[in-house]
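# An overview of the molecular structure
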Amino acid sequence: MNITYRLFLCCLMGIVMLSCSKESSPAVSHAPDVPILPEVPDDYLSAMETEGLFVHSNEPFDNVTTNEGAQLGRVLFYDPDLSLNGRISCGTCHLPEFSFADGRQFSSGFGDELTHRNTPSLINLQFSNTFFWDMSQSVLEEQVLLPVQNHIEMGIEDLDYLAEKLSAKDYYPNLFNQAFGSSVITQENIGKALAQFVRSINSNQSKFDLARDNDFEDFTAIERAGMQVFARVGCNDCHSVLGHNLVFGEDGGFFPGGDEGSFYGGTGGDAANIGLDLAYADQGMGQGIFKVPSLRNIGMTAPYMHDGRFNTLDEVLDHYQYGVQDHPNLDNRLKSSNREMNTGDREALKSFLMTLQDESFVLQERFSDPFVR
Ligand code: HEC
Ligand code: HEC
C-alpha cells in the first residue's frame, strides 16, 4: 500500500480531529469514521492457491473470493459497529498477532461477559468442514454471522438492523458495490464478505510446508526426530498437519497417507472424547466430543483446549502422556496408542510442532485492522 497516501490520510484525519475536538482528550480512543484502504485492493487470492495440495476448498460456487470481497470482509471484521454498543469487533477476540486467537482463556464480549469457550485461532478454515468447538456449523457464510448475533459476543440479534446500521455509514455502499455489484447492503452479503475474508486467512509457508518439497532436508535432526515421535505416539492419527497424515514409509521416511481432504489445517470430522474429563462440564457436540484443532501456529495460540485449561505445550503433553482418563467414550486411538515419551522425545516433539509456525502471513497488511485507533 502506498505509504505516502496513508500518511497523507493520517495527517488529514489528525487535522480534522484536532480542529473538531473542543477539549483535547487524547485518552479517548474510538474508531475513526473511515477505514484506511489501499487504492487497489490487496492480493488475497494468490495465498489461497491450492494447487499441488490434495485438498478441497469449502468455497461455494455462489461466493467465490475476490480481492474486493475479501477487503470488504476485512473492514467488517474490524468494525466495532458490528456489535450492539460499538465496543467489539471480530478482531477484538481474533487478533492477527495470536494467529487470530487472543491469548486468553475466555474472551470478553460487548457487555464484558465472558465467552463459555476458548477463542480458537482462525487459520486455513477454507479446508475445514466444521466450525466451532462442537462442530455445529458447516457453512462458513452462515457461521460468521453467529458471533454478531451471540448475546455474549456482539449482541446484534436482528441482522436487518445491522444492514441498516451499516448502510448509514458513508463508505460501505461503495465497498459492497465493488464486492457484489450492488450497493444495497443485505445480511447475506455481510455474511459472504466476512466468509471471504476468513477463508483468505491461509497458511502455507511454515518451515514444514517448505521442507516437504525437498523431503524434509531442511529439518534439523531434532525436528526430524520430533516428526517421528509425532507419528509414533499417535498425534498424527487425529491432528494431520498437512493435507495428509504422516505415515512411516519402509525406509523410515514419511509419505502422505490417511484422509487427504478433510484434514488440511488439522481439522477432521471425527474428533472424540480425549479423556480430559470423567464428567463433562461441556458436552461439546455430545459425549465430550470436540473439533480436532489445527496445530498450525500452535506457539501463538495458548492457552489450549476448548476451555483454555492448559497454558503451555508442556501441560498439553503432560495430559496426553499421563492425564488421559479412561472413559466409556474415550477415543479408540487414545486407548490403543503407546504415548510413552522421554525428555528427549518431548523436546523433539515440541521442536517439530514449532516447524508448523507460519509467521509470514499473520502480520500482513491485508489482514490488519484498517481503522486507525
Ligand atoms: C467475544 C469474543 C469473540 C468475538 C467478538 C468473535 N469471536 Fe469468533 N469465536 C470466539 C469463540 C469463543 C469461539 C469458539 C466458540 C465455540 O466453539 O463455541 C469462536 C469461533 C469462531 C470461528 C470458528 C473457528 C473454528 O475453528 O471452528 C470462526 C470462523 C469465528 N469465530 C469467526 C468470527 C467472526 C467472523 C467474528 C465477527 C463477526 C467473530 N468470530 C467474533 C470468540 C469471538
Ligand atoms: C484421539 C484424537 C487425538 C489424538 C490422538 C491427539 N489429539 Fe490433540 N486434540 C484432539 C482434540 C479433539 C483436541 C481438542 C480437545 C478439547 O478442546 O477439548 C486436541 C487438542 C490439542 C491441542 C490444543 C490445541 C488448541 O488449539 O487448543 C494440542 C496442542 C494437541 N491436541 C496436541 C496433540 C499432540 C502433541 C498429540 C500427540 C501426543 C495429540 N494432540 C493427540 C484430538 C487428539
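Keep in mind it's a predicted model, so treat the numbers as computed, not measured. Every residue gets a number counted from 1 within its own chain, in the order that chain's sequence is written. Written order determines the labels here, with chains lettered from A and ligands numbered from 1. For this predicted model, a pLDDT threshold of at least 70 governs which residues receive local features, and a threshold of 80 or more governs which side-chain atom pairs are given and counted, while totals over whole chains, interfaces and linings are taken from all residues. With hydrogens and water excluded, all non-hydrogen atoms of the structure serve as input to the side-chain values.

### Comments concerning the coordination of the iron atom of ligand 1
The protein gives the iron atom of ligand 1 a lone donor atom, His94 (NE2), placed 2.1 Å from the metal. Only DSSP runs of H or I reaching four residues or more are called helices, and only runs of E reaching two or more are called strands; each is numbered from the N terminus. Turning to its location among the elements, His94 is positioned in the loop between helix 3 (90-93) and helix 4 (140-143). Any N, O or S atom lying within 2.8 Å of the metal counts as a donor, with the limit raised to 3.2 Å for Na, K and Ca; because water is left out of the atom set, some sites can appear incomplete.

### A word on the site of ligand 2
One heavy atom within 4 Å of a molecule or strand makes the whole residue count as near it. Looking at ligand 2, there are 22 residues lining it, with Cys235, Cys238, His239, His306 and Tyr320 nearest. The side chain of His306 places a nitrogen or oxygen atom 2.5 Å from an oxygen atom of ligand 2. Contacts described as polar in this section are N or O atom pairs within 3.5 Å, which, within protein, must combine one atom able to donate a hydrogen with one able to accept it, while residues neighboring in sequence count only if both atoms come from side chains. In the model, a nitrogen atom of ligand 2 is placed 2.6 Å from a nitrogen or oxygen of the Tyr320 side chain. Looking at which element gives the most residues to the shell around ligand 2, the answer is helix 12 (residues 313-323), with four residues. Polarity classes work like this: nonpolar for Ala, Val, Leu, Ile, Met, Phe, Trp, Tyr, Cys and Pro, charged for Asp, Glu, Lys and Arg, and polar for all others, with Gly in that last group. Of the residues in the shell around ligand 2, the class split is 17 nonpolar, three polar and two charged.

### Considerations on the coordination of the iron atom of ligand 2
Coordination of the iron atom of ligand 2 by the protein is provided by His239 (NE2) and Tyr320 (OH), with metal-donor distances spanning 1.9 to 2.0 Å. For four-coordinate sites, all angles between 85 and 135 degrees define a tetrahedron; for four- and six-coordinate sites, opposite donors beyond 155 degrees with the remaining angles between 65 and 115 define square planar and octahedral shapes respectively, and all other cases count as irregular. What the six donor atoms of the iron atom of ligand 2 show is an angle range of 84 to 180 degrees at the metal, which sorts the shape as octahedral. Here His239, found in the loop between helix 11 (235-238) and strand 1 (245-248), pairs with Tyr320, found in helix 12; they are 81 residues apart in sequence, far enough to count as distant. An identical accessibility class is assigned to His239 and Tyr320; each is buried. A 1.4 Å probe rolled over the protein chains alone gives each residue an accessible area, and that area as a share of the maximum for its type sets the label: buried under 20%, exposed over 50%, partly exposed in between.

### Quick word on helix 6 (residues 159-167)
For helix 6, the complete set of buried residues consists of Leu159, Leu162, Ala163, Lys165 and Leu166. Buried residues in helix 6, looked at end-on, bunch into an arc of 160 degrees, giving them a common side. In this structure, the buried side of helix 6 is in contact with helix 2 (67-77), helix 5 (146-149), helix 7 (172-180) and helix 8 (187-200). Backbone nitrogen of Asp160 and a side-chain oxygen of the N-cap are separated by 2.9 Å at the start of helix 6; the cap is Asp158. The directions from the helix axis to the C-beta atoms are what the arc is built from. Here a residue-residue contact requires only that any non-hydrogen atoms of the pair lie within 4.5 Å.

### Some points on the nonpolar core
Ranked by internal contacts, the top residues of the largest apolar core, which has 45 residues, are Leu76, Phe77, Phe100, Tyr172 and Ile190. Contributions of two or more residues to this core are made by helix 2, helix 6, helix 7, helix 8 and helix 15 (359-362). Buried Ala, Val, Leu, Ile, Met, Phe, Trp, Tyr and Cys residues that are joined via side-chain atoms within 4.5 Å together make up what is termed a nonpolar core. Counting residues in hydrophobic clusters, the runner-up holds 26 residues, among them Phe219, Val229, Ile298 and Leu349.

Bear in mind that shape data such as this cannot, by itself, settle questions of function.
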